[in-house]
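One-letter residues, chain by chain:
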Amino acid sequence: DTAVSQTPKYLVTQMGNDKSIKCEQNLGHDTMYWYKQDSKKFLKIMFSYNNKELIINETVPNRFSPKSPDKAHLNLHINSLELGDSAVYFCASSPGLAIFSTDTQYFGPGTRLTVL
Amino acid sequence: AQSVTQPDIHITVSEGASLELRCNYSYGATPYLFWYVQSPGQGLQLLLKYFSGDTLVQGIKGFEAEFKRSQSSFNLRKPSVHWSDAAEYFCAVGARSGSARQLTFGSGTQLTVLP
């Protein structure tokens, strides 16, 4: 019954590696998001996709590349990991293209990434 | 650009006491406002939201929030805090970003509940 799920929950890796975080939602939502929560708990949006189309792309290093194979999935691939990438990454989804509605965003449990 | 300020980094209250968490926003248009709660090691759960209409909004777990346009505030309140309310609380504003509406979060308020 998990609405928004992320895998893995924890990810520990070395600098320079490439890693992916997967997100799936079974709510039938059209829009999905990736947020980064830093060590000070500050949440900042990174990307948003609507029906597999990128609609929000904040100032994020191009080492981060989102991929949406279908509207239920939004994966985050990170190349050449750096120490500063250590954070908790949250996936979220909302029913429609949020600008036209009062949609609530539903969040996944988060993926804690630690870069050594 | 929109912004959200939560002035209190950490608040401690005794169980059974009342609670108010402050949130101030900056946004040029009518804001959509949210309060989320994050328990340790957990994701974010929506407590309540305001879009329009009655400025006093009721949420889950006995929480309420009041939108005050003149003060650009959306403070969260609970009349009697339970130990299970200990968590991090985030205020957010939903604002336009190009063709979409994105959430901008405050820095959070950590709530500790004393027995």
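Reading the values: rules and limits
Within each chain, residues carry numbers counting from 1 in the order of the written sequence. Chain labels run from A onward and ligand labels from 1 onward, assigned in the order the entries are written. In view of the model being predicted, local features appear only for residues whose pLDDT reaches at least 70, and side-chain atom pairs are presented and counted only at 80 or more, with totals across whole chains, interfaces and linings using the full set of residues. Excluding hydrogens and water, the side-chain values take into account all heavy atoms of the structure. Starting at the N terminus, helices and strands are each numbered in turn, a helix being any DSSP run of H or I of at least four residues and a strand any DSSP run of E of at least two. Residue burial is assigned from relative accessible area. The probe radius is 1.4 Å, only protein chains are included, and a residue is buried under 20% of its type maximum, exposed over 50%, and partly exposed in between. Whether two residues touch is decided by their heavy atoms; if any such pair falls within 4.5 Å, the residues are in contact. Strands pair, by our definition, only if DSSP identifies at least two bridges between them. Angles run from 0 to 180 degrees between N-to-C directions of axes, and those axes are lines fitted to C-alpha atoms, restricted for helices to the stretch in contact. Geometry of aromatic contacts follows a simple scheme: Phe, Tyr and Trp rings, the Trp one being its six-membered ring, pair when their centres are within 6.5 Å, and the pair is stacked under 30 degrees between planes, edge-to-face over 60, tilted otherwise. What we call a nonpolar core is a set of buried Ala, Val, Leu, Ile, Met, Phe, Trp, Tyr and Cys residues that are connected through their side-chain atoms within 4.5 Å.

### Quick look at the environment of Leu 81 of chain A
Residues and elements named next belong to chain A. In this fold, Leu 81 is placed in the loop between strand S8 (73–78) and strand S9 (87–94). Among the residues examined, Leu 81 registers a relative accessible area of 2% and is labelled buried. As for Leu 81 and Phe 64, which are separated by 17 residues in sequence, their C-alpha atoms are 9.3 Å apart. In this structure, Leu 81 is in contact with Thr 13, Gln 14, Met 15, Gly 16, Asn 17, Lys 19, Arg 63, Leu 113 and Val 115, ignoring residues within four places of it in sequence.

### Thoughts on the sheet that holds strand S3 (residues 19–25) of chain A
Residue and element names in this part refer to chain A. Taken together, the four strands give an open sheet; going across it, the order is S1-S3-S8-S7, and neighbouring strands pair in antiparallel fashion. Each edge of the sheet is formed by a strand with only one pairing partner; in this case those strands are strand S1 (4–7) and strand S7 (64–70). Across this sheet, the average inter-strand angle for adjacent strands is 20°, counted without regard to direction. Bridge count between S1 and S3: four bridges; the pairing is antiparallel. Looking across to S3, one finds that Val 4 is bridged to Gln 25.

### Some details on the packing of aromatic side chains
Throughout the structure, instances matching the rule amount to 16 aromatic pairs over all chains. When the centroid spacing of 5.6 Å and the interplanar angle of 45° are considered together, the rings of Phe 63 of chain B and Tyr 89 of chain B count as tilted. Taken as a pair, Phe 63 of chain B in the loop between strand S7 (56–58) and strand S8 (64–68) and Tyr 89 of chain B in strand S10 (residues 87–97) lie far apart in primary sequence, 26 residues in all. As far as burial versus exposure is concerned, Phe 63 of chain B and Tyr 89 of chain B are alike and both buried. Within the aromatic cluster, the residues linked to one another by ring pairs are Tyr 33, Tyr 35, Phe 90 and Phe 107 of chain A together with Tyr 32, Phe 34, Tyr 36, Phe 51, Phe 90 and Phe 105 of chain B.

### What to know about the nonpolar core
Residue and element names in this part refer to chain B. Core analysis: the largest hydrophobic core is formed by 26 residues, its most contacted members being Leu 19, Trp 35, Leu 47, Leu 48, Phe 74, Leu 76 and Tyr 89. Mapped by element, the contributors of at least two residues to this core are strand S2 (10–14), strand S3 (19–21), strand S5 (32–38), strand S6 (44–50), S8, strand S9 (73–78), S10 and strand S12 (109–114). If you tally residues by element for this core, the top one is S10, at four residues. In this structure Leu 48 touches Leu 33, Phe 34, Trp 35, Val 57, Gln 58, Gly 59, Phe 63, Glu 64, Ala 65, Phe 74 and Leu 76, once residues within four positions along its chain are discounted.

### Quick notes on the pairing of S2 of chain B
Residues and elements named next belong to chain B. Residues of S2 alternate between two faces, with Ile 11 and Val 13 buried on one and His 10, Thr 12 and Ser 14 left unburied on the opposite face. Alignment of S2 against S12, held across five bridges, turns out to be parallel. Within S12, the position partnered with Thr 12 by the bridge is Thr 112.

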